[in-house]
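Each chain, written out:
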Amino acid sequence: RPVLAPPGAKPLAQPPRAIEIDWSDPDAQVSLAGVVLGLVAGLGAPLWYINRIEKDDERLEELRALNRANFEATGEYMTEAEIEALRKPKWTDRKEFVDDD
């Protein structure tokens, strides 16, 4: 219900109206495509990265188990070259995190 003003005064608020969108307009179509692609990228990319991190953690745990089994069998741990052959290092593995505050 619109807010009523005293007679002769300006209305306090405009009544709400529905927005009409012409979907045949190319600008509206491009805007809709941008919204859909933005949602897909905005939600899909973080979910994909989380999935990759979980898979890498599983592979890393398998590699640690293999390294422990190798140590029990031979008394030596696997070399860096052997580890890199089984699991490529990620960029975060090569980065040294330093707190320079």
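Everything quoted here is computed from the prediction, not taken from an experiment.

## Some points on a negative patch on the surface
Then comes step 1: Taken together, the side chains of E54, D57, E58 and E62 present a region of like negative charge at the surface.
Then comes step 2: For E54, the location among the structural elements is in helix α1 (residues 26-74).

## What about the confidence of the model for the protein chain?
Then comes step 1: Within the protein chain, residue pLDDT values average 85, and 87% of them lie at 70 or more.
Then comes step 2: In the model of the protein chain, helix α3 (residues 91-94) stands out as the element of lowest mean pLDDT, 69, in contrast to α1, which has the highest, 93.

## What to know about the packing of aromatic side chains
Then comes step 1: Within this structure, the stated rule accounts for two aromatic pairs.
Then comes step 2: Taking the centre distance of 5.2 Å and the plane angle of 70° together, the rings of W48 and Y49 count as edge-to-face.
Then comes step 3: In this structure W48 comes out as partly exposed when scored by relative accessible area, which is 49%.
Then comes step 4: The exposed category is assigned to Y49, whose relative accessible area is 51%.

## Regarding a nonpolar patch on the surface
Then comes step 1: On the surface, I19, I21, W23, L32, V36 and V40 cluster together into a nonpolar patch covering about 630 Å² of accessible area.
Then comes step 2: Here W23 is to be found in the segment before α1.

## Some thoughts on the side chain of D56
Then comes step 1: Examined against the element boundaries, D56 turns out to sit in helix α1.
Then comes step 2: Take D56: its relative accessible area is 6%, and that puts it in the buried class.
Then comes step 3: Excluding anything up to four places from it in sequence, D56 contacts R87 and K90.

Quick notes on the rules
- Residues numbered from 1 in each chain as written.
- Predicted model: local features only at pLDDT ≥ 70, side-chain atom pairs only at ≥ 80, totals over all residues.
- Heavy atoms only, no water.
- Patch = residues over 30% accessible without salt bridge, like charges linked within 9 Å, V, L, I, M, F, W, Y side chains within 5 Å.
- Areas by Shrake-Rupley, 256 points an atom, 1.4 Å probe, with all protein chains shown as cover.
- Salt bridge = Lys/Arg side-chain N within 4 Å of Asp/Glu carboxyl O.
- Lys, Arg positive; Asp, Glu negative; His and termini not counted.
- Charge placed at Lys NZ, Arg CZ, Asp CG, Glu CD.
- Helix = DSSP H or I, 4+ residues; strand = E, 2+ residues; numbered from the N terminus.
- pLDDT = per-residue confidence, 0-100.
- Phe/Tyr/Trp six-rings, centres within 6.5 Å; stacked < 30°, edge-to-face > 60°.
- Buried < 20%, exposed > 50% of the residue type's maximum accessible area, 1.4 Å probe, protein only.
- Contact = heavy atoms within 4.5 Å.

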